[in-house]
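# Analysis of the macromolecular model
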Amino acid sequence: MGKVRTGALIVIEQKVSLRDYERTGIDVDGIVTSQLLINIFEHNTPLHDGAVIIQGNRVVSATCYLPLSDNLGLSKELEPDTGGVGISEITDSLTIIVSEETGKISVAYEGELERNLDADSCVTECIRS
């Protein structure tokens, strides 16, 4: 998705329930596959705006609204990432963010944002978190 600059906001639930955020979106209940995620985030499709929430191996909801970060240290250029950081500040979730403008990958966890990752370093960062 990064190579073709398809923007994505993928929230992976851990121990803290994300049910309140799931309710802001549309139920999907599909097994996580690259094809499903690509179809959801394909530009100009009904589900491409907002976040997907993943529980285990299932995409449970798409087009979800996330709380924005209150971190004043995030610059204006990071505005699309503030939802990914915001949800990581108040839950133990991990969020993968793919920039539509640059194709760069970021990971938000525990209120921290690791930016400018490639696919390999994203996997390493996700495993570490």
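Scroll up to find the structure.
From a predicted model like this one, the values you see are computed outputs, not experimental measurements. (Residues numbered from 1 in each chain as written. Predicted model: local features only at pLDDT ≥ 70, side-chain atom pairs only at ≥ 80, totals over all residues. Heavy atoms only, no water.)

## Let's talk about the overall build of the protein chain
A tally of regular secondary structure across the protein chain gives four helices and seven strands. Ordering the α and β elements of the protein chain from the N terminus gives β-α-β-α-β-β-α-β-β-β-α. The burial tally for the protein chain puts 44% of its 129 residues in the buried class. Considering only contacts within the protein chain whose residues lie at least 6 apart along the sequence, 51% involve residues at least 24 apart. (Helix = DSSP H or I, 4+ residues; strand = E, 2+ residues; numbered from the N terminus. Buried < 20%, exposed > 50% of the residue type's maximum accessible area, 1.4 Å probe, protein only. Contact = heavy atoms within 4.5 Å.)

## Examining the sheet that holds strand 6 (residues 105–109)
The seven strands are arranged 2-4-3-1-5-6-7 in an open sheet whose pairing can be described as mixed. Looking at which strands have only one partner, the edges of the open sheet turn out to be strand 2 (26–31) and strand 7 (112–117). With strand direction ignored, the average angle separating the axes of adjacent strands in the sheet is 20°. In terms of strand pairing, strand 1 (residues 8–12) meets strand 3 (residues 51–55) through three bridges, oriented parallel. Residue pairing across strands places isoleucine 12 opposite isoleucine 54, the latter belonging to strand 3. (Pairing = 2+ DSSP bridges. Axes fitted to C-alpha atoms, helices over the stretch in contact; angles between N-to-C directions.)

## Some points on the side chain of serine 99
With respect to the helices and strands, the residue serine 99 is situated in the loop between strand 5 (94–98) and strand 6. Within the structure, serine 99 has its side chain in polar contact with the backbone nitrogen of glutamate 101 (distance 3.2 Å). Discounting chain neighbours no more than four positions away, the residues touching serine 99 are Arg5, Gly7 and Lys104. (Polar contact = N/O pair within 3.5 Å; in protein donor to acceptor, adjacent residues only side chain to side chain.)

## Digging into the pattern of salt bridges
Tallied over the full model, the rule gives three salt bridges. Of the charged contacts, one joins glutamate 22 and arginine 19 as a salt bridge, the two residues approaching to 2.9 Å between their closest N and O atoms. Of this pair, glutamate 22 and arginine 19 are both found in helix 1 (residues 19–22), three residues apart, which corresponds to roughly one turn of the helix. Glutamate 22 sits in the buried class, given a relative accessible area of 5%. Here arginine 23 and aspartate 20 are joined by a salt bridge, their closest N and O atoms 3.2 Å apart. When sorted by exposure, arginine 23 lands in the same class as aspartate 20, which is exposed. (Salt bridge = Lys/Arg side-chain N within 4 Å of Asp/Glu carboxyl O.)

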